[in-house]
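# Observations on the three-dimensional arrangement
Spelled out from the first residue to the last, the chains are:
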Amino acid sequence: MDRELLVEIGCEEMPASWLPGLTAQLAERLGAVLAGVRLETGAPIETFSTPRRLTARVASLAERQEDHEEFVLGPPVSAAFKPDGQPTPAASGFARKHGLDVGALERTRTPKGEYLACRLQHRGRATVDVLGDVMTALLRQLSFPKQMRWDAYLDDGRGALPFGRPIRWLVLMYGGRVVPFVIRRSEGAQGPRVQDVRSGSSTYGHRFLTTSGRAGRVIRFKTFDEYRTKLIENFVILEREERDDRIRRQLEGHARRLGGRVGHQVGGESSLLREVPDLVEYPSVVAGHFAAEFLKLPEEVLTTTMVHHQHFFPVVDDAGRLKPAFLAVVNMEVEKPEVIARNAERVLAARLRDAQFFWEADRRVPLASRVEELSTILFHKGLGDYRAKAERVAALSRWIAAEALGQPGMAAAAEEAGRLVKADLATGMVRELTELQGTMGGVYAREEGLPEAVWRAVYHHYLPVGVEADAPPTCQQLGAGAVTWAAVSLADKIDSVVGMLSAGERPTGSRDPLGIRRQAQGIVRLLADLDTLTGLDARPPLASMVAEARRLLQLSSLDADPGARRVLEGFLIERVRFLMSSRGLEYEEVQAATSDEGWCLSVNVADLVARAEAVREVKTRPEFQGLAEVFRRAKNIVEREAGGPLQPAWRANVERLAEPAEHLLRATLDRVGRDAETAMVAGQPLRALTAFATLRPAVERFFADVRVVVDDAALKTARLSLLAELRDRVLQVADISILAPKAE
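Remember, predicted model here, so these are calculated numbers, not experimental data.

## Describing helix H29 (residues 713-731)
In this model, H29 (19 residues) spans 26 Å end to end at C-alpha, consistent with the 27 Å of a helix rising 1.5 Å per residue. The N-capping residue of H29, defined by a side-chain oxygen 3.1 Å from the backbone nitrogen of Ala714, is Asp712.

## Comments concerning the pattern of salt bridges
This structure, assessed with the given rule, holds 54 salt bridges. In this structure, Arg53 and Glu8 form a salt bridge, with 3.1 Å as the shortest nitrogen-oxygen distance. Taken together, the positions of Arg53 in strand S3 (residues 53-61) and Glu8 in strand S1 (residues 3-11) put the pair 45 residues apart, joining distant regions of the chain. Residue Arg53 is classed as buried on the basis of its relative accessible area of 0%. Residue classification places Glu8 among the buried residues on the basis of a relative accessible area of 0%. Across the pair Asp156 and Arg140 runs a salt bridge, and its minimum N-O distance is 2.9 Å. With Asp156 in the loop between strand S7 (152-153) and strand S8 (167-174) and Arg140 in helix H4 (residues 127-141), this residue pair connects regions lying 16 residues apart in the sequence.

## A few points about helix H17 (residues 516-528)
End to end, H17 covers 18 Å across 13 residues, agreeing with the expected 18 Å (1.5 Å per residue, within 8%). Counting buried positions over the 13 residues of H17 gives eleven, a clear majority of the element. Within the sequence span of H17, burial applies to Ile516, Gln519, Ala520, Gln521, Gly522, Ile523, Val524, Arg525, Leu526, Leu527 and Ala528.

## Focus on the nonpolar core
Counting 101 residues, the largest nonpolar core has Ile400, Met440, Ile494, Val497, Leu542, Leu572 and Met580 as its most contacted members. Both domains that furnish three or more residues to this core are identified here as domain 3 (240-362) and domain 4 (371-610). In this structure, Leu542 is in contact with Ile494, Ile523, Leu527, Leu572 and Leu601, ignoring residues within four places of it in sequence. With 44 residues, the next largest nonpolar core counts Ala628, Val706, Val708 and Ala740 among its residues.

## Thoughts on the sheet that holds strand S4 (residues 68-76)
Judged by pairing direction, the sheet is antiparallel, and its three strands sit side by side in the order S4-S6-S5 without closing on themselves. The two strands at the open ends of the sheet, each matched to only one other strand, are S4 and strand S5 (106-110). Taken over all neighbouring pairs, the strand axes of this sheet differ in orientation by 45 degrees on average, direction set aside. Bridge analysis of S4 against strand S6 (residues 113-122) gives seven bridges, and the strand direction is antiparallel. Its bridge partner being in S6, Glu70 is matched across the sheet by Leu120. Sheet contacts for helix H3 (residues 89-97): S4 and S6; angle to S4, the most-contacted strand, approximately 165 degrees.

## Here's the deal with the environment of Ser369
Considering the arrangement of structural elements, one finds Ser369 in the loop between helix H9 (337-362) and strand S18 (378-380). The class of Ser369 is partly exposed, set by a relative accessible area of 38%. Sequence separation between Ser369 and Leu420 is 51 residues, and the spatial gap between their C-alpha atoms is 9.5 Å. At 2.6 Å, the side chain of Ser369 forms a polar contact with the backbone oxygen of Pro366.

## Some points on the domain arrangement of the protein
Along its sequence, the protein is carved into domain 1 (3-64 + 127-212), domain 2 (68-122), domain 3 (240-362), domain 4 (371-610) and domain 5 (619-739). On a C-alpha basis, the centroid separation for the pair domain 3 and domain 4 is 34 Å. Taken residue by residue, the interface counts 13 residues in domain 3 and 14 residues in domain 4. Here domain 3 packs against domain 4, burying approximately 1,100 Å² in sum over the two surfaces, 67% of which is carbon and sulfur. Where domain 3 touches domain 4, the interface holds one salt bridge. Taking the shortest distance from any N to any O, the salt bridge between Glu432 and Arg351 comes out at 3.8 Å. The interface formed by domain 3 and domain 4 contains five residue pairs in polar contact (both at pLDDT 80 or more).

## A short note on the sheet that holds strand S15 (residues 284-289)
What holds strands together in a sheet is hydrogen bonding between their backbones, with the strands either parallel or antiparallel. The sheet built from four strands is open, its strands ordered S14-S16-S17-S15 with antiparallel pairing. A strand with exactly one partner marks an edge of an open sheet, and here the two such strands are strand S14 (261-262) and S15. As paired strands, strand S16 (residues 312-316) and strand S17 (residues 322-330) are joined by four bridges and run antiparallel to one another. Within S17, the position partnered with Pro314 by the bridge is Phe326. The sheet contacts of helix H6 (residues 240-257) involve S14, S15, S16 and S17, and relative to S15 the element is tilted by about 30 degrees. On the sheet, H9 packs against S15, S16 and S17 and is oriented at approximately 55 degrees with respect to S15.

## A closer look at the packing of H9 against helix H13 (residues 439-447)
Here H9 crosses H13 at 50 degrees, and the two axes come no closer than 11 Å. Taken together, H9 and H13 sit at an angle that is classed as oblique. By crossing handedness, the relation of H9 to H13 is classed as right-handed. Of the residues in H13, those touching H9 at Phe358, Trp359 and Asp362 are Met440, Val443, Tyr444 and Glu447.

## Side note on the packing of aromatic side chains
What the rule picks out here adds up to 13 aromatic pairs. On the basis of an interplanar angle of 50 degrees and a centroid distance of 5.8 Å, the ring pair of Trp18 and Phe144 is categorised as tilted. Of this pair, Trp18 sits in the loop between S1 and helix H1 (19-36) while Phe144 sits in the loop between H4 and S7, and the two are 126 residues apart along the sequence. The pair Trp18 / Phe144 is uniform in exposure class, with both members buried. Between Trp359 and Tyr444, the aromatic rings sit 5.5 Å apart at their centres with planes inclined by 20 degrees, giving stacked as the arrangement. Within this pair, whereas Trp359 is found in helix H9, its partner Tyr444 is found in helix H13, the two being separated by 85 residues in sequence. Both residues of the pair, Trp359 and Tyr444, count as buried. Members of the aromatic cluster, each reached through a chain of ring pairs, are Phe48, Phe221, Phe224 and Tyr227. Of note, Arg575 hangs over the ring of Phe578, and the distance from its end group to the ring centre comes to 5.0 Å. One Lys or Arg, Arg633, reaches over the ring of Phe703 and ends 4.2 Å from the middle of that ring.

## Let's talk about the pairing of S1
For S1, the buried fraction is high: eight of the nine residues fall into the buried class. Where S1 meets S3, seven bridges bridge the pair, whose relative direction is antiparallel. In the strand pairing of S3, Val7 is matched with Ala56. Across seven bridges, S1 lies against S8 in antiparallel orientation. The residue bridging Gly10 from the neighbouring strand is Trp169, located in S8.

## Overview of a negative patch on the surface
Side chains of Asp2, Glu40, Glu66 and Asp67 sit close together on the surface and give a patch of like negative charge. We classify Glu66 as partly exposed; its relative accessible area is 40%.

How each quantity is defined
Residues numbered from 1 in each chain as written. Predicted model: local features only at pLDDT ≥ 70, side-chain atom pairs only at ≥ 80, totals over all residues. Heavy atoms only, no water. Helix = DSSP H or I, 4+ residues; strand = E, 2+ residues; numbered from the N terminus. Expected span 1.5 Å × (residues − 1). Polar contact = N/O pair within 3.5 Å; in protein donor to acceptor, adjacent residues only side chain to side chain. Salt bridge = Lys/Arg side-chain N within 4 Å of Asp/Glu carboxyl O. Buried < 20%, exposed > 50% of the residue type's maximum accessible area, 1.4 Å probe, protein only. Core = buried A, V, L, I, M, F, W, Y, C linked by side-chain atoms within 4.5 Å. Domains from an automatic or database assignment. Contact = heavy atoms within 4.5 Å. Pairing = 2+ DSSP bridges. Axes fitted to C-alpha atoms, helices over the stretch in contact; angles between N-to-C directions. Buried area = accessible area lost by both parts, 1.4 Å probe. Parallel < 35°, antiparallel > 145°, perpendicular 65-115°, else oblique. Left-handed = near helix turned anticlockwise from the far one by under 90°. Phe/Tyr/Trp six-rings, centres within 6.5 Å; stacked < 30°, edge-to-face > 60°. Lys NZ or Arg CZ within 6 Å of the ring centre and 35° of its normal. Patch = residues over 30% accessible without salt bridge, like charges linked within 9 Å, V, L, I, M, F, W, Y side chains within 5 Å. Areas by Shrake-Rupley, 256 points an atom, 1.4 Å probe, with all protein chains shown as cover. Lys, Arg positive; Asp, Glu negative; His and termini not counted. Charge placed at Lys NZ, Arg CZ, Asp CG, Glu CD.

This is the structure we're talking about:
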């Protein structure tokens with residue numbers, strides 16, 4: 001009979017940002033471990049989390065492992081028997097090892113010859129005997145953004161057990177009974193209050209609240225339903241969705257009583273709503289107020305102080321204007337909300353008074369005069385200070401606006417904005433509220449009366465930070481500063497990416513402390529959506545902007561070091577591919593559009609996306625599948641016989657092409673090539689690929705009637721040149737050989 005499995009790992013409080021991922025990971029890893037030990041689950045794995053616990057429940061888990069048959073390969077037959085047919089020691093030893101007679105062994109053929117083998121039947125062990133191994137594997141496999149060493153180890157021979165936070169209690173129950181398991185504490189850590197962590201049938205309620213007895217008291221239970229009920233009685237809401245719903249209802253109710261609604265400024269409130277359910281076990285909301293005089297501060301300062309520093313929710317009126325009030329989520333049942341509100345008001349008022357001081361002091365000094373102070377702030381040890389970076393960004397912004405975007409009239413504004421983008425790093429406000437760097441520069445520029453094209457570019461220049469098509473900023477937010485913003489944002493990010501990579505910095509799969517990957521994603525997203533964000537129809541290639549950034553950084557060494565240049569180009573191409581895959585394009589579609597890394601960056605990102613989308617449209621058409629197959633054959637022949645990329649003289653030795661199939665391919669390629677070229681100039685890769693699909697009959701006849709590799713060198717060159725032209729014309733749109741059916 002199947003029984004219930006319940007696991008709870010009780011920890012010291014974990015960061016809220018970890019919990020969503022850990023909750024999903026717990027279900028995934030537990031499912032994999034149970035499957036690996038052949039324990040069948042008769043119900044889905046349910047997982048839950050609070051700041052102090054990770055919980056998993058399987059409502060129905062088999063009582064025994066599944067039986068299984070093991071096929072064991074022994075010695076080769078040639079070494080297993082003597083010439084007279086008697087078994088050798090190798091055969092006898094193999095049979096004895098597995099408790100069999102030599103006559104019971106079977107023979108099996110393998111690619112290496114004929115071998116002796118046997119089939120062993122293994123009866124599954126009882127689940128309670130296996131769960132200790134399951135728990136060991138689960139604790140070992142859970143991964144965290146950061147791990148701690150806390151003087152603990154497991155009896156599995158692998159030593160220390162690092163974990164996200166020290167484990168304080170452990171529940172491992174099957175069918176209502178405790179399965180023995182222990183986490184050992186090292187001898188040096190042992191003491192009256194530090195002992196081995198042993199599995200049990202008890203958990204702990206809220207640290208400070210309880211219906212009876214003392215807060216955080218031990219709670220005993222036998223089933224998951226009883227576990228969940230007793231946690232509620234002790235002020236722990238296990239389900240995140242329930243905590244989230246409780247917070248939302250109370251926020252809305254308090255906001256209505258304050259005559260407003262919960263604010264959505266700076267995109268912070270929505271991220272805060274995602275975070276706070278993982279900060280608390282029993283949420284309640286209290287309302288507080290601050291002095292109306294603080295409303296004279298910029299809205300960005302108020303919301304950043306409330307949201308990012310205090311985890312308070314701003315309140316706005318029906319017109320979206322901030323009210324002198326806030327809402328705070330607390331981790332308790334509130335008996336005297338006025339006391340909690342009063343303390344929160346004191347903390348917020350102190351922060352706002354500091355912000356008010358910095359606001360008034362910073363405005364006494366023009367933003368432009370702060371550029372000189374940037375020479376005291378290091379950008380990177382290999383790239384100099386922020387003063388030098390500001391000058392590079394200014395020059396690159398001017399070049400991008402005038403040359404890459406084709407807007408020379410905006411070049412001066414882009415240069416001015418580029419020089420100011422880092423100036424707010426020298427202000428007191430940004431030193432206090434680092435989240436506002438860039439934003440405060442735009443606010444100060446706006447207060448000084450600088451043109452909209454300048455201050456909006458400064459305000460938004462850190463954006464975008466992701467590849468999503470709907471990621472901020474929007475065209476409405478950019479207003480008249482859209483073109484200058486595009487130039488400045490590209491300049492700042494390209495300068496950082498090119499400079500950092502050339503200085504030897506490399507983001508890894510798990511670490512990117514300098515944000516190089518994030519900035520590269522901002523570059524490709526801006527270029528992919530340039531027309532939507534700015535209204536421009538420009539198609540600037542990334543390669544030209546990278547080359548100008550290298551010139552300003554004085555990185556001529558990259559030209560002399562092909563390896564360093566390949567690292568830079570490969571990194572940017574991978575970000576382009578990441579953008580494509582994030583937008584729903586499949587692997588082979590992305591590879592077809594970006595396979596030729598030699599010219600990939602010379603094509604605009606939006607055009608690369610359009611080519612991948614065109615490949616998606618045509619790849620399932622029967623005629624296109626056939627073309628992909630013959631194109632792969634043509635491409636392979638050229639690359640094999642030419643010994644590398646061929647630069648053919650298209651009409652070389654044309655008089656040697658006398659076969660009808662050669663003339664047919666020549667004429668068809670001329671006609672289709674013109675149509676495809678016209679389509680590509682018009683930005684219609686789908687039309688170009690559709691035109692190329694008509695090449696298939698001519699190419700198939702060419703391969704049926706003509707032998708390319710012949711002794712006549714001139715004839716061979718003429719035929720290779722014809723295939724090379726076919727290859728290069730198609731590759732200008734996409735490498736469709738990737739779409740050809742794989743050989744069995």
